Amino acid sequence: MQQILNFIFKNSIQILFLLLLGISLTLTIQSHSYHRSKAISSANAVTGYVYEQVNNVEEYLSLKEKNNQLAEENARLKQLLYNTQDTANIPPVNLPKGLDNFDVIQSKVIFNSYNVHENYLTINSGRKDGIKPDMGVVNSLGVVGIVENVSNGYATVISLLNIKSQINAKIKKTNHFGSLIWNGKNTGFVQLIDVPRLASVRKGDTIVTGGRSVIFPENIPIGAIEKIYIDKKTNYYTLDIRLFNDMTSLGHVYIIENKDRDEIINLEEQTAADE
């Protein structure tokens, strides 16, 4: 204890200088929006770098599991290939109308929160890679979330497991729409609300993205109906959806950009202004 006091006494001037410097920087950042934005951007870059280094260690330790997943995916691809009538002359794939309007950027989750009500992901792609706010994020199993903030090399994503998340979705077999939300209770389930009572719904029916979104293409998988409730206040269905994704274990993801998004939004805004 005496040594600590001696150290503080000997370096009191330097410590006082650093304290005053910290206070002045804090006041400057808080009072100027430009400085505040630069500080937040720098903090995001540092945090992203730390997350990426931690993720590299975790990824190395889970190589066996990743190899098993790749082997399973290769098996599925080979099954598709071997069931093609003429593997030497595979016909071109005709994508559904609208999918050619989307660009796809590959990335990786380096941080994932799932134990609070407002969960976020951090991915190791940013502005320099073409990432922008409000882009959709998916993986091989389905929807993951929506990009919120972007720095030069990283971006944060609002997870499906976020009580502020709201995505247009539908029952695949009937095309009845609803809003996909999370009630904050279970990491394996989300809820599809405002589904009309005239919809034919059954346990096990597949839920996919709807066609009313400018963020996601239509028919990207989300999950399957587990339980069916009737909201007594609205008289609409509320559906518990078991997610296809394990949101607590995410690796490689794909960021989707709708190339027509700005045009659609501008047109809708103009229409609303004219009414």
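Residues numbered from 1 in each chain as written. Predicted model: local features only at pLDDT ≥ 70, side-chain atom pairs only at ≥ 80, totals over all residues. Heavy atoms only, no water.

What to know about the overall build of the chain
Part 1: Each helix and strand counted, the chain has five helices and 12 strands in total.
Part 2: The 275 residues of the chain split such that 32% are buried.
Part 3: Looking at the chain alone, contacts between residues at least 24 apart form 59% of all its contacts between residues at least 6 apart.
Part 4: Summed over all atoms, the accessible surface of the chain reaches about 18,000 Å², with 55% contributed by carbon and sulfur. (Helix = DSSP H or I, 4+ residues; strand = E, 2+ residues; numbered from the N terminus. Buried < 20%, exposed > 50% of the residue type's maximum accessible area, 1.4 Å probe, protein only. Contact = heavy atoms within 4.5 Å. Areas by Shrake-Rupley, 256 points an atom, 1.4 Å probe, with all protein chains shown as cover.)

Some details on the pairing of strand 6 (residues 167-171)
Part 1: Among the five residues that make up strand 6, five are buried, leaving the element largely enclosed by the rest of the structure.
Part 2: Taken together, the four bridges between strand 6 and strand 7 (residues 177-181) define a ladder with antiparallel strand orientation. Bridging across to strand 7, A169 finds its partner in G178.
Part 3: Between strand 6 and strand 7, which follow one another and run antiparallel, lie five residues, and N175 among them has a positive phi close to 65 degrees.
Part 4: Bridge count between strand 6 and strand 9 (residues 206-209): three bridges; the pairing is antiparallel. (Pairing = 2+ DSSP bridges.)

Things to note about the confidence of the model for the chain
Part 1: Summarising the model, the chain shows a mean pLDDT of 80, and 69% of its residues fall at 70 or more.
Part 2: Mean pLDDT values for the elements of the chain range from 59 in helix 4 (residues 63-82) up to 97 in strand 5 (residues 155-162).
Part 3: Contacts from residues 85-98, a stretch scored under 50 in pLDDT, to residues over four places away or in other chains number three contacts. (pLDDT = per-residue confidence, 0-100.)

Topic: the nonpolar core
Generally speaking, nonpolar side chains in soluble globular proteins are found buried as a group.
Part 1: Core analysis: the biggest nonpolar cluster contains 44 residues, and V147, L180, L192, L239 and I255 have the highest contact counts within it.
Part 2: Sorting elements by how many residues they give to this core places strand 4 (residues 142-150) first, with five residues.
Part 3: When neighbours within four sequence positions are excluded, L180 is seen to be in contact with L160, S165, Q166, I167, A169, V190, Q191, L192, I222 and I241. (Core = buried A, V, L, I, M, F, W, Y, C linked by side-chain atoms within 4.5 Å.)

Considerations on the sheet that holds strand 11 (residues 237-243)
Part 1: Ordered in space as 6-7-8-11-10-9, the six strands form a closed barrel in which the pairing is antiparallel. Each strand of the sheet is rotated relative to its neighbour by a mean of 40 degrees, with strand direction disregarded.
Part 2: Pairing of strand 7 with strand 8 (residues 189-195) involves three bridges; the strand directions are antiparallel. If you follow I181 over to strand 8, its bridge partner there is Q191. (Axes fitted to C-alpha atoms, helices over the stretch in contact; angles between N-to-C directions.)

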